[in-house]
Amino acid sequence: MEDKKELRRRFRALRDGIPPAQHAAASAQLCRALERLCLSRRLTRIGAFSPYGSEIDLCPLVRSRPEWTFLFPRIASTKPPRLIWGPEPLEPGMWGLMEPALAQHLTPPVQLLLVPGLAFDDRGFRLGYGGGFYDALLGHLPRETLTLAVGFESQRTTALPVEPQDLPVRGLQTEQGLTWFD
């Protein structure tokens, strides 16, 4: 199995290679599916993220439901990895990420947390950028918080290398559908 560094490079290049029109169409399709899921489960408080580079774009979902509460991450520290959460407006933050101008929640008070990544496997594990921010957060969320990785179908793989600090999500939403792991 490839190591995490090689996998990050490969899956980032794969994601970066998605043509803009296909990227936009897949993002819109994924957002419509997320909206249906949220409506069916009455989820109106959502932890989202602004896309970094070629990540899936959740803006169509955020813009379609202004009555819902969307909270976004801001990097509070890198050692230990810690995010804090707040609403829009967003401003450029660390590494060029769009982050909330005002963030105050250590644990986002959300019903659904959408989790980005470079690759996702069939067990619910994800490969991020290596900072450990989401793994640190996943370990502190209340059990009732639904955690879904979100990305393109082309980011799926059978298995990823897993270390003790890596924590799985409960499901994966791509433009082609929703997969539950638990």
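Residues numbered from 1 in each chain as written. Predicted model: local features only at pLDDT ≥ 70, side-chain atom pairs only at ≥ 80, totals over all residues. Heavy atoms only, no water.

## Here we look at the packing of aromatic side chains
Line of reasoning, step 1. Tallied over the entire structure, the rule returns four aromatic pairs.
Line of reasoning, step 2. Pairing W85 with Y134 gives two aromatic rings, centres 6.4 Å apart and planes at 80°, and the pair type is edge-to-face. Of this pair, W85 sits in strand β3 (residues 81-86) while Y134 is found in helix α4 (residues 133-138), placing the two residues 49 residues apart along the sequence.
Line of reasoning, step 3. Residue Y134 is classed as buried on the basis of its relative accessible area of 10%. (Phe/Tyr/Trp six-rings, centres within 6.5 Å; stacked < 30°, edge-to-face > 60°. Helix = DSSP H or I, 4+ residues; strand = E, 2+ residues; numbered from the N terminus. Buried < 20%, exposed > 50% of the residue type's maximum accessible area, 1.4 Å probe, protein only.)

## Some points on the nonpolar core
Line of reasoning, step 1. Counting 40 residues, the largest nonpolar core has L34, L58, F70, L112, L113, L114 and V150 as the members making the most contacts within it.
Line of reasoning, step 2. Going through the elements one at a time, α2 (20-41), α3 (59-64), β2 (69-78), β3, β6 (112-115), α4 and β9 (146-150) are the ones with two or more residues in this core.
Line of reasoning, step 3. When residues of this core are assigned to their parent elements, the largest contribution, six residues, is made by α2.
Line of reasoning, step 4. One finds L7, A119, L127 and L160 within the second-largest nonpolar core, a separate group that totals six residues. (Core = buried A, V, L, I, M, F, W, Y, C linked by side-chain atoms within 4.5 Å.)

## Some points on α2
Line of reasoning, step 1. The end-to-end C-alpha distance of α2 is 31 Å, a good match for the 32 Å that 22 residues give at a rise of 1.5 Å each.
Line of reasoning, step 2. The secondary structure elements touched by the buried residues of α2 are β1 (45-47), α3, β6, β9, β10 (171-174) and β11 (177-180).
Line of reasoning, step 3. Of the residues flanking the end of α2, it is R42, one or two places downstream, whose phi is positive at about 55°. (Expected span 1.5 Å × (residues − 1). Contact = heavy atoms within 4.5 Å.)

## Some words on the pairing of β2
Line of reasoning, step 1. Sheet topology places β1 next to β2; three bridges connect them, and they run parallel. Bridging from a neighbouring strand, R45 pairs with T69 of β2.
Line of reasoning, step 2. As judged from the six bridges shared by β2 and β3, these two strands associate in the antiparallel manner. Residue pairing in the sheet places F72 in a bridge with G86 of β3. (Pairing = 2+ DSSP bridges.)

## A word on the sheet that holds β1
Line of reasoning, step 1. Spatially, β3-β2-β1-β6-β9-β10-β11 is the arrangement adopted by the seven strands of the open sheet, whose pairing is mixed. In this open sheet, the two edge strands, each paired with only one partner strand, are β3 and β11. Geometrically, the sheet is characterised by an average inter-axis angle of 25° between neighbouring strands, direction not taken into account.
Line of reasoning, step 2. Those strands touched by α2 are β1, β6, β9, β10 and β11, and its axis lies near 170° from that of β9. (Axes fitted to C-alpha atoms, helices over the stretch in contact; angles between N-to-C directions.)

## Overview of the environment of R63
Line of reasoning, step 1. With respect to the secondary-structure elements, R63 resides in helix α3.
Line of reasoning, step 2. Residue R63 is classed as exposed on the basis of its relative accessible area of 52%.
Line of reasoning, step 3. Within the structure, the side chain of R63 is placed 3.1 Å from the side chain of E88, a separation counted as a polar contact. (Polar contact = N/O pair within 3.5 Å; in protein donor to acceptor, adjacent residues only side chain to side chain.)

## A word on unusual backbone geometry
Glycine aside, the phi torsion of most residues is negative, and most peptide linkages are trans.
Line of reasoning, step 1. In the segment running from K79 into P80, the intervening peptide bond is cis, with an omega of 0°.
Line of reasoning, step 2. Mapping P80 onto the fold places it in the loop between β2 and β3.
Line of reasoning, step 3. Here E88 and P89 are connected by a cis peptide whose omega angle stands at 10°.
Line of reasoning, step 4. Checked against the element boundaries, P89 lands in the loop between β3 and β4 (90-92).
Line of reasoning, step 5. One non-glycine residue, R42, adopts positive backbone phi at about 55°.
Line of reasoning, step 6. Summarising the element assignment, R42 is placed in the loop between α2 and β1.
Line of reasoning, step 7. By relative accessible area, R42 is classed as exposed at 70%.
Line of reasoning, step 8. For W95, which is not glycine, the phi torsion reads 60° and is therefore positive.

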